[in-house]
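Residue strings, one per chain:
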Amino acid sequence: MKIAFYDTHSYDKKSFEETNKDFNFDIAFHEFKLNENTVVTAQGYEAVCVFVNDVVNAQVIQSLKNYGVKLIALRCAGFNNVDLKAAAEAGIKVVRVPAYSPYAVAEHGIALLMSLTRHIPQAYLRTKTANFNIEGLTGRDLHGLTAGVLGTGKIGRIMAELLQAFGMKLIVYDPFPNEEWAKSREATYVSLDELFKQSDVLSLHCPLTEETKHIVNHDRMKMMKHDAVIINTGRGALIDSKALVHALKHQHIGGIGMDVYEEESKYFFNDWSTDIMTDDVLARLLTFPNVIITGHQAFLTTNALKNISETTLENIRDFNNGSPLVNEIK
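Residues numbered from 1 in each chain as written. Predicted model: local features only at pLDDT ≥ 70, side-chain atom pairs only at ≥ 80, totals over all residues. Heavy atoms only, no water.

A.B. asks: Mind showing me how you'd approach empty space enclosed by the protein here?
C.D. replies: The method is simple in principle: a probe with the dimensions of a water molecule rolls over the atoms, and the space it marks as empty is what remains. Considering all chains together, one arrives at one cavity of 30 Å³ or more under this definition. Roughly 30 Å³ of internal volume is contained in the largest cavity. In this structure, the largest cavity is lined by D7, H9, Y11, D12, F51, R75, F269 and F299. Its residues assigned to classes, the lining of the largest cavity shows four nonpolar, one polar and three charged. (1 Å grid on protein atoms, 1.4 Å probe; cavity = no way out; pocket = protein on both sides within 12 Å on 5 of 7 lines; lining within 4 Å. Points joined across faces, edges and corners; volume = space filled by probe spheres on them. Nonpolar A, V, L, I, M, F, W, Y, C, P; charged D, E, K, R; others polar.)

In structure tokens:
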């Protein structure tokens, strides 16, 4: 089976080539993203494999159908970049990797939190130039504070447990509560507004839907504690980025650690250090001392890459063999 991979990097290629030794698929790795301009390169392939910032809209899907592509394989959990209705109408199956390493994402969230609250980036830059002055680096204990977790799926539950290990009080919100887990962890489900009002640390772990887009907005950030911090390793558009800049400027919140950004597709996974950044919101966020941004790397561990490559190729094998698609998105 011939598969065209898009938006691939050295770590993707290394992982998939190793795993493919057990599958023997004919894989072509493309560094560029799949979109309306590049979809022509899918001609001659039976499947395409895409990542979070590839564009798989109705126009792309129609082209894929015309080229004979039968399967869209996502090597990620999120699928908000795929027009599922158009795929269904085109008769193209869509599969994903629902879980790869929830620990990788949750642990990265903890790294962002600790770096933010203890001013690790600033301290590192100082000591690299032999400046050992600790003025302005005062942090605070997490122990005894209130941790709020928005979304109690696999990653959210792991994040909550890691935060609890610091001695934090747990409050959580999810439209589909897991009461058994909450009871076992002494976590309390609260309303969405109460989550924002009470949290000293708010960590986001929900999918991006019409209901959750900009769930962190001007009004909700204004109701937060002035020294509360937000951690986002979920989806960029969970936060209204312009409202975030306003909240930081007016000290409605204490800071944010984010591995995702609402308009990240143009910038993330690329080197812009010698180019002009035209995204004024992202450029402004990078100037705040109480903002830490990483480039969508929370998933990037050897464990997660191995799981992603194995599940992705298993999904493709099942499709090729006519077996049930356990990870199909309908």
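Having seen the structure, we can now continue with the description.
A.B. asks: Sorry if this is basic, but what is going on with helix α1 (residues 10-19) here?
C.D. replies: At 3.6 residues per turn, the α-helix brings residues three or four places apart onto the same side. All buried positions along α1 are accounted for by D12, S15, F16 and T19. For α1, the angular spread of the buried residues around the axis is 90 degrees, confining them to a single face. Facing away from the buried side of α1 by over 90 degrees, the exposed positions are S10 and K14. As for α1, its buried residues are in contact with β1 (2-5), β2 (26-29) and α12 (302-321). (Buried < 20%, exposed > 50% of the residue type's maximum accessible area, 1.4 Å probe, protein only. Helix = DSSP H or I, 4+ residues; strand = E, 2+ residues; numbered from the N terminus. Arc of directions from axis to C-beta. Contact = heavy atoms within 4.5 Å.)

A.B. asks: Can you walk me through the packing of helix α4 (residues 102-117) against helix α6 (residues 154-165) in this structure?
C.D. replies: The axes of two packed helices give the description: the angle between them and the distance between them. Their axes nearest at 8 Å, the elements α4 and α6 cross at an angle of 45 degrees. For the element pair α4 / α6, the angle class is oblique. Helix-helix and strand crossings are classified by hand; for α4 and α6 the assignment is right-handed. Residues P102, Y103, V105, A106, E107, G109, I110 and L113 of α4 lie in contact with α6, whose contacting residues are K154, I155, I158, M159, L162 and L163. Residue composition of the contact of α4 with α6, grouped by class: eleven nonpolar, one polar and two charged. (Axes fitted to C-alpha atoms, helices over the stretch in contact; angles between N-to-C directions. Parallel < 35°, antiparallel > 145°, perpendicular 65-115°, else oblique. Left-handed = near helix turned anticlockwise from the far one by under 90°.)

A.B. asks: What exactly am I supposed to notice about the sheet that holds strand β5 (residues 93-95) here?
C.D. replies: Sheets are built from strands paired through backbone hydrogen bonds, the pairs being either parallel or antiparallel. Reading across from one edge, β2-β1-β3-β4-β5 is the order of the five strands in this open sheet, with parallel pairing throughout. Both outer strands of the open sheet, β2 and β5, are each paired with one neighbouring strand and no more. Neighbouring strand axes in the sheet, compared pairwise and without regard to direction, differ in orientation by 20 degrees on average. Two strands pair when backbone bridges link them, and β1 and strand β3 (residues 47-50) are joined in this way by three bridges, in the parallel orientation. Looking at the pairing, F5 lines up with C49 of β3. (Pairing = 2+ DSSP bridges.)

A.B. asks: How do you make sense of the layout of surface pockets when you look at a structure like this?
C.D. replies: In this structure, the largest pocket encloses a volume near 1,100 Å³. As for the largest pocket, its lining consists of 45 residues, of which A77, H205, C206, P207 and L208 are closest to the centre. Of all the secondary-structure elements, those providing two or more residues to the lining of the largest pocket are α4 and α6. Considering each element in turn, the lining of the largest pocket owes the most residues, four residues, to α6. Partitioned by chemical class, the residues of the lining of the largest pocket number 24 nonpolar, 14 polar and seven charged. Taken as a whole, the second largest pocket holds about 580 Å³ of empty space.

Nothing here speaks to function; it is geometry throughout.
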